[in-house]
Amino acid sequence: MLLRFGVSNYRSIRDYVELSLIASDAIKDKGTDLLELPGAKYRVLPAIVIYGANAAGKSTIHMALGAMGGHVVNSFRKLEAGAPIPQHPFALDKASKDEPTHFDCDFIIDGVRYHYGFEFNEKEFEREWLYSFPEGYRRVLFNRDSANGEIEFGKHLRGKNRAIEELMRPNSLFVSVAAQSSHEELKKIYDFFRQSTNGVGASLNDANVQKSIGSTNDPRLVPFLQTADTGIAGLEIREESQPEEAKKILSVLRNTLASELGEEAGGAIFDEDTSRSAIFFKHLGEDGELFELPFSRESRGTKRLSKVVLSAYKALDNGSVLFIDEIDTSLHTLLSMKLVSLFANKATNPHGAQLVATTHDTNLLCCGVIRRDQIWFAEKAADGGTQLYPLTDIKTRNTDNLEKGYLQGRFGAIPYFGDVTALFGAVDNG
């Protein structure tokens, strides 16, 4: 369960911004079932939505958590010794390129709160730290600072910590190394990021969607598509072998990548399995007859909905965090509302899954399943950097028309237009 996430000097974010999923005690809005934590004095939000103008940095928040998880999962397993660390610092000033990128977050595992973070440049992870808070007491599990030479381990972090430290490289995180060495407690931290930093981007890749449908074969997909009035009444998955010519091309590409990046990298991109799942949706036609259509002929909306729904069901089943960038892309407003409501209802979200979505769909502001503390805004500052703030920073009432207020600019985070007609020259009205 994610409690908060912070980031600085990453893509459009220069100064530190923080996203919190802690529910506000001052908000009494109805419509969302908050996540309860035994013994905790706070409750947690199951979903939040982030609004903002185009190019304000909403998607950067989505990418930042994914990047943090990517470093945890892959820094030791996939980066070779001496390889540069993907950093992407803020690009609109001269100083940021020489400053470290910072990620940190707080989360719950097995009822215990953890705080974890790290700072890095292209050459090394300069700092890395992990604290736990069992029953509210702060424990330092480890603290890494490249300036000190070695990691300081707390007495409560049991395991072969020094032996694992010997395997660590400047471009790998200690948590990443420890997980590959079967460290019992740190493997839980690794697994949290592996499961909870997945997302659905705004773009659509047909091959990835077909792979998701074929690999999960989730029996809940078709019923959901039926309720969405897509006309789909069935699904058939057929395993097909790649044509021989395609196999040869893939083999050449795989061998080329393996020689350049190593055997593991080549295999990760092009695996040995040359079969593929062919997806066919069955549509209800005249007189109840079913007509089969290949996946390629389905609408963009059906493809996008299939991907989002399968990702949502996976998160709900595992109690993990799901990021969806531009949840309204190719989806009707009512479908976006339905997806948010799956996380907002204890009946459909018994394991405490969470959704963080960016959107332009202002109808969600008045849909009845989102509290005011679930609404956040991303806005571009004068220096080009992304600022992030919640609606609770602004005085509102639960009776306010939030959609109208947002579109009128009361909360900021909207585009401000100049005179666009001037771009077309003078208008001659005769």
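Every value quoted in this text rests on a predicted model; they were computed, and no experiment measured them.

Conventions used here
Residues numbered from 1 in each chain as written. Predicted model: local features only at pLDDT ≥ 70, side-chain atom pairs only at ≥ 80, totals over all residues. Heavy atoms only, no water. Helix = DSSP H or I, 4+ residues; strand = E, 2+ residues; numbered from the N terminus. Polar contact = N/O pair within 3.5 Å; in protein donor to acceptor, adjacent residues only side chain to side chain. Contact = heavy atoms within 4.5 Å. Expected span 1.5 Å × (residues − 1). Buried < 20%, exposed > 50% of the residue type's maximum accessible area, 1.4 Å probe, protein only. Core = buried A, V, L, I, M, F, W, Y, C linked by side-chain atoms within 4.5 Å. Pairing = 2+ DSSP bridges. Axes fitted to C-alpha atoms, helices over the stretch in contact; angles between N-to-C directions. pLDDT = per-residue confidence, 0-100.

Quick notes on the side chain of Thr 386
Link 1 in the chain: Position of Thr 386 relative to the elements: it lies in strand 16 (residues 386-390).
Link 2 in the chain: A distance of 2.7 Å separates the side chain of Thr 386 from the side chain of Ser 12, its partner in a polar contact.
Link 3 in the chain: In terms of polar contacts, Thr 386 uses its side chain to reach the backbone carbonyl oxygen of Ala 56, at 2.8 Å.
Link 4 in the chain: Dropping the residues within four chain positions of it, Thr 386 is found in contact with Ser 12, Ile 13, Val 17, Ala 56, Gly 57, Ala 378 and Glu 379.

Considering helix 10 (residues 333-344)
Link 1 in the chain: The terminal C-alpha atoms of helix 10 lie 16 Å apart, and with 12 residues this matches the ideal 16 Å at 1.5 Å per residue to within 8%.
Link 2 in the chain: Here helix 10 lies mainly inside the structure; 10 of its 12 residues are buried.
Link 3 in the chain: Every buried residue of helix 10 is accounted for by Thr 333, Leu 335, Ser 336, Met 337, Leu 339, Val 340, Ser 341, Leu 342, Phe 343 and Ala 344.

Let's talk about helix 4 (residues 184-196)
Link 1 in the chain: With 13 residues, helix 4 extends 19 Å between its outermost C-alpha atoms, agreeing within 8% with the 18 Å of an ideal straight helix rising 1.5 Å per residue.
Link 2 in the chain: When we look at burial in helix 4, the residues that qualify are Glu 185, Leu 186, Ile 189, Tyr 190, Asp 191, Phe 192, Phe 193 and Ser 196.

Quick word on the nonpolar core
Link 1 in the chain: Counting 63 residues, the largest nonpolar core has Phe 103, Phe 107, Tyr 116, Phe 118, Phe 142, Ile 189 and Phe 193 as its most contacted members.
Link 2 in the chain: The element that contributes the greatest number of residues to this core is helix 1 (residues 58-74), accounting for 7 residues.
Link 3 in the chain: Apart from the residues lying within four places of it in its own chain, the contact partners of Phe 118 are Met 68, His 71, Val 72, Thr 101, His 102, Phe 103, Phe 125, Arg 127, Glu 128, Trp 129 and Leu 173.
Link 4 in the chain: Counting 49 residues, the second-largest nonpolar core is a separate cluster that includes Val 200, Ile 279, Leu 305 and Leu 365.

Quick word on the sheet that holds strand 16
Link 1 in the chain: Strand order in this open sheet of 6 strands is 9-13-14-3-15-16, and the pairing throughout is mixed. Two strands lie at the open edges of the sheet, namely strand 9 (198-200) and strand 16, each paired on one side alone. Adjacent strand axes in the sheet meet at a mean angle of 20° when their direction is disregarded.
Link 2 in the chain: Two elements, strand 9 and strand 13 (residues 321-324), share 3 bridges in a ladder whose sense is parallel. In the strand pairing of strand 13, Gly 199 is matched with Phe 323.

Comments concerning unusual backbone geometry
Link 1 in the chain: Backbone geometry at His 88 places phi at a positive 60°, although glycine is not the residue there.
Link 2 in the chain: Among the secondary structure elements, His 88 is positioned in the loop between helix 1 and strand 4 (101-109).
Link 3 in the chain: Classification of His 88 as partly exposed rests on a relative accessible area of 39%.
Link 4 in the chain: Phi at Asp 229 takes a positive value of approximately 60°, unusual for a residue other than glycine.
Link 5 in the chain: Turning to its location among the elements, Asp 229 is positioned in the loop between helix 6 (221-227) and strand 10 (232-241).

As for the confidence of the model for the chain
Link 1 in the chain: Chain-level statistics for the chain give a pLDDT mean of 91 and a share of 92% at 70 or above.
Link 2 in the chain: With pLDDT under 50 throughout, residues 263-269 is counted as low confidence; its partners more than four residues away or in other chains account for 10 contacts.

Some words on the sheet that holds strand 6 (residues 125-133)
Link 1 in the chain: On the basis of which strands lie adjacent, the open sheet formed by 7 strands has the order 2-1-4-5-6-7-8 and antiparallel pairing. Where the open sheet ends on each side, the last strands, each with one partner, are strand 2 (17-20) and strand 8 (152-153).
Link 2 in the chain: With respect to the sheet, helix 1 is in contact with strand 1 (2-8), strand 2, strand 4, strand 5 (112-120) and strand 6, its orientation differing from that of strand 5 by roughly 90°.
Link 3 in the chain: The strands touched by helix 4 are strand 1, strand 4, strand 5, strand 6 and strand 7 (139-145); relative to strand 4, the strand with the most contacts, the crossing angle is about 105°.

Quick look at the pairing of strand 3 (residues 47-52)
Link 1 in the chain: Within strand 3, 6 of the 6 residues are buried, which leaves the element mostly enclosed by the surrounding structure.
Link 2 in the chain: Going residue by residue along strand 3, you find Ala 47, Val 49 and Tyr 51 tucked away on one face and Ile 48, Ile 50 and Gly 52 tucked away on the opposite face as well.
Link 3 in the chain: Examined bridge by bridge, strand 3 and strand 14 (residues 354-358) share 4 bridges and lie parallel to one another. When the sheet's bridge partners are listed, Ile 50 is paired in strand 14 with Thr 358.
Link 4 in the chain: Across 4 bridges, the pairing between strand 3 and strand 15 (residues 375-380) is parallel. Looking across to strand 15, one finds that Tyr 51 is bridged to Phe 377.

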